[in-house]
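One letter stands for each residue in the lines below.
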Amino acid sequence: MSSKTRKHTPCSKVINKGIAYGSVVNFDVKTPAKPMNVKQTNQFIKQIKHIIEDDVRHHQNTHHRVSQLLTAQTGNLHAVWMIAHSKHFYTTLSDNLHLHGMTPVEAFDCAFDEVTDQWDPLFPMNDPEWQAHIRTTCRAFRNRIGRHVERYMLKQALQHKKAPVVLVVNQFKVEHLYDLKHVVKGILAKREGNDSFLDFTVLKAYELPMMVCEHDHEEGVSMIMDADQGIVISNPTTQDKKVYTARLTETHLAENPTYDREQRQLKVYAPIVDQRHLMAISTSPKYDGVAPYASEFNYVTKGMTPSVKELTQTYTDMVKAMKGKTCIIRIPDFRPDKPTPYLGSGLYTDIQSFCEHVDLYNDFLTAVANASRHGQVKIVVPMIRQHEEVGFWRSMVQGAFECAGVAAPPLGIMMETESAIQYHEDYEDVDFVIIGLDDFIEEVDDDYNRYDVVPKQVFFTRYGRDIRDLHQHLRLRNIEHYIQGNILSQPEILDRILKMGFRHICIPAGKMKTVEPVIQQFVENKGRYVGVAAQRLERKQEAEETKDMSHQPLKQDLLNKLEKHKQNRSSHHAIRETHKARQHKITKNASKRTPD
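Residues numbered from 1 in each chain as written. Predicted model: local features only at pLDDT ≥ 70, side-chain atom pairs only at ≥ 80, totals over all residues. Heavy atoms only, no water.

## Examining helix 3 (residues 87–98)
An ideal rise of 1.5 Å per residue puts 16 Å on 12 residues; helix 3 measures up with 16 Å between its terminal C-alpha atoms. Among the residues of helix 3, those classed as buried are Phe89, Tyr90, Thr92, Leu93, Asn96 and Leu97. Take helix 3 and look down its axis: the buried residues cluster within an arc of 160°, on one side only. (Helix = DSSP H or I, 4+ residues; strand = E, 2+ residues; numbered from the N terminus. Expected span 1.5 Å × (residues − 1). Buried < 20%, exposed > 50% of the residue type's maximum accessible area, 1.4 Å probe, protein only. Arc of directions from axis to C-beta.)

Following this line, the structure appears as structure tokens:
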């Protein structure tokens, strides 16, 4: 089939809905590569060393926290690092790349396995148990580094891409999303990842459509990926492009609204997880900033703890891009739906987790403090359940910022748990609040989750009173509060929320066009009815006065008749009284003349 022939291909499974249009970029680490030249080989080996240093730093921090408990495992890791830093390893890796034409991941795996098999001093035959432990650690290290190498190679493959692309991968991994370029509009996987639920959760947060499609796709061809209907159109016709371009504009941020940002008298923010939408948000008059930036995805998609330098660069880029707009950064929210296996399980934003992972949280706060030198930032704490946690986090934030030599930022909390919303009077020592509807709905309702379409009547019947009470409590205390949730992308619910008095709204970037008519109507109506009640009362009084004036002659006639009737009644009454007096006198005189 010619590359210019339109091809309509159904996909076997939709992971996340949406539409993408761009040219195909195939990425498969198992595809045979051309041999690297000397310069390319040296550059790749240099990058491998950086990746290994990151992994060593992460595990050093991990084992420093629990060194008394993991002495044996630390010894195993020491053996791994000796292998990874040996001259033999890098020589073998260079030969695999330069002479044998292996792919980078394959070259690394083969070099590591070969050196491991020849490293006799680390595997004493008289201790089989230790030998097994070390080999298990080696395999885990090799697989972990292999994923990071794959992420690096993807970044290289997209390095010079300027136009939109649809990424086709052999098997999707969450590491593909780390520091992903904004040109990637959708992902096709030839087979599912190891955890489809994790893929769905992460891709939802990234607002990226993804499908599973076993077919091969030619490099560079134009493609429309319709994950709403589960189809792929290669080499689309002009009519196809016209239809899908109209649908894609529903999520386009660059188009200016018909109203001024200051005119609308409410502020709209975008919750984001990476930097792909920063430029659109910073330049679009539709948005007033970022609220919140979900920092935990830096950890989820990298597969290891980012360094302070790396985090500082991420947050600094965001602050600079916003150019004075609001920047709210959320403390990493590690929970089961956003797993980080290398950090262990049971990691939450409570006091105990902070104490167990103090290095991780201090690195995060230091990076935010460094970024705050370039502009104002705010920090928000997620999943608050006890009011004592507010004071703890405030002291930790202040301490980290003082160590960095900068002023502490405003500190807010996410009210997204049933206990926090029900007992909101306990949370007074906060600078601002974000009401998180997604987690609140999932916690209190067994019928709906954060991605469901909830009927308006059901939403306000079940949650409306709590939200209204919380809003009035915060408003009366002059505490700035935001409301966030996927459910706000339902126009009828957003309309009611605005009528309840909320003025700080957090709406996903991909849903802005859907609810823009609601905001437009709000802007047009705002102020239209100011003073209407007073005007109605004034018109009513004027109407009554006019009515009185128009009926004045009739009223005068009525008064004259009443007066005359009164006079007549008085006259008749006087006659009756005179008659009665005369009769009484006659009777009295008659009685006198009558003899005894």
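So that's the structure; there's more coming.
## With respect to the sheet that holds strand 4 (residues 165–171)
Taking strand neighbours across the sheet as the criterion, the eight strands line up as 1-8-7-3-4-5-6-2 in an open arrangement whose pairing is mixed. At either margin of the open sheet sits one strand with a lone partner, and together these are strand 1 (7–10) and strand 2 (13–16). On average, each strand axis in the sheet is tilted by 30° relative to the strand beside it, whichever way the strands run. With three bridges joining them, strand 5 (residues 184–191) and strand 6 (residues 210–212) adopt parallel strand pairing. Across the sheet, residue Ala189 finds its bridge partner in strand 6, namely Val212. Seen against the sheet, helix 6 (residues 196–206) touches strand 2, strand 5 and strand 6 and runs at an angle of roughly 50° to strand 2. (Pairing = 2+ DSSP bridges. Axes fitted to C-alpha atoms, helices over the stretch in contact; angles between N-to-C directions. Contact = heavy atoms within 4.5 Å.)

## Quick notes on the pattern of salt bridges
Pairing between side chains of opposite charge can happen when the charged atoms of each approach one another. Taken as a whole, this structure holds 25 salt bridges when the rule is applied. Ionic pairing is found between Asp216 and Lys190, a salt bridge with its closest N-O pair at 3.0 Å. Taken together, the residues Asp216 in the loop between strand 6 and strand 7 (222–226) and Lys190 in strand 5 connect sequence positions 26 residues apart. According to the relative accessible area criterion, Asp216 is exposed, its value standing at 58%. When its relative accessible area of 23% is taken as the criterion, Lys190 is described as partly exposed. With its nearest N and O atoms 3.1 Å apart, the salt bridge here joins Arg462 to Asp447. With Arg462 in helix 16 (residues 456–462) and Asp447 in the loop between helix 15 (437–444) and helix 16, this pair connects stretches of sequence that are 15 residues apart. (Salt bridge = Lys/Arg side-chain N within 4 Å of Asp/Glu carboxyl O.)

## Examining the packing of aromatic side chains
What the rule picks out here adds up to 21 aromatic pairs. With centroids separated by 6.2 Å and ring planes inclined at 45°, the aromatic side chains of Phe44 and Tyr152 adopt a geometry described as tilted. On the criterion of sequence distance, the pair formed by Phe44 in helix 1 (residues 38–65) and Tyr152 in helix 5 (residues 128–157) is long-range, its members being 108 residues apart. Seen in terms of ring centroids, Phe354 and Phe392 are 5.3 Å apart; in terms of plane orientation they differ by 85°. Their pairing is edge-to-face. (Phe/Tyr/Trp six-rings, centres within 6.5 Å; stacked < 30°, edge-to-face > 60°.)

## Considerations on the packing of helix 12 (residues 358–371) against helix 13 (residues 388–404)
Orientation of helix 12 relative to helix 13, taken along the N-to-C sense of each, is 60°, at an axis distance of 9 Å. Relative to helix 13, the element helix 12 is oriented oblique. For the element pair helix 12 and helix 13, the recorded crossing hand is right-handed. Between helix 12, through Tyr361, Leu365, Val368, Ala369 and Asn370, and helix 13, the contact on the second element is made entirely by Trp393, Met396, Val397, Ala400, Phe401 and Ala404. Residues that form the contact of helix 12 with helix 13 fall into these classes: 10 nonpolar, one polar and no charged. (Parallel < 35°, antiparallel > 145°, perpendicular 65-115°, else oblique. Left-handed = near helix turned anticlockwise from the far one by under 90°. Nonpolar A, V, L, I, M, F, W, Y, C, P; charged D, E, K, R; others polar.)

## Looking at the pairing of strand 7
For strand 7, a buried count of four out of five residues is recorded, marking the element as mostly surrounded by other parts of the structure. Note: strand 3 (residues 19–27) against strand 7, five bridges, orientation antiparallel. Bridging from a neighbouring strand, Gly22 pairs with Met223 of strand 7. Here strand 7 pairs with strand 8 (residues 231–234) via four bridges, running antiparallel. Within strand 8, the position partnered with Asp226 by the bridge is Ile231. Hairpin connection of strand 7 to strand 8: four residues between the antiparallel strands, including Gly230 at a positive phi of 75°.

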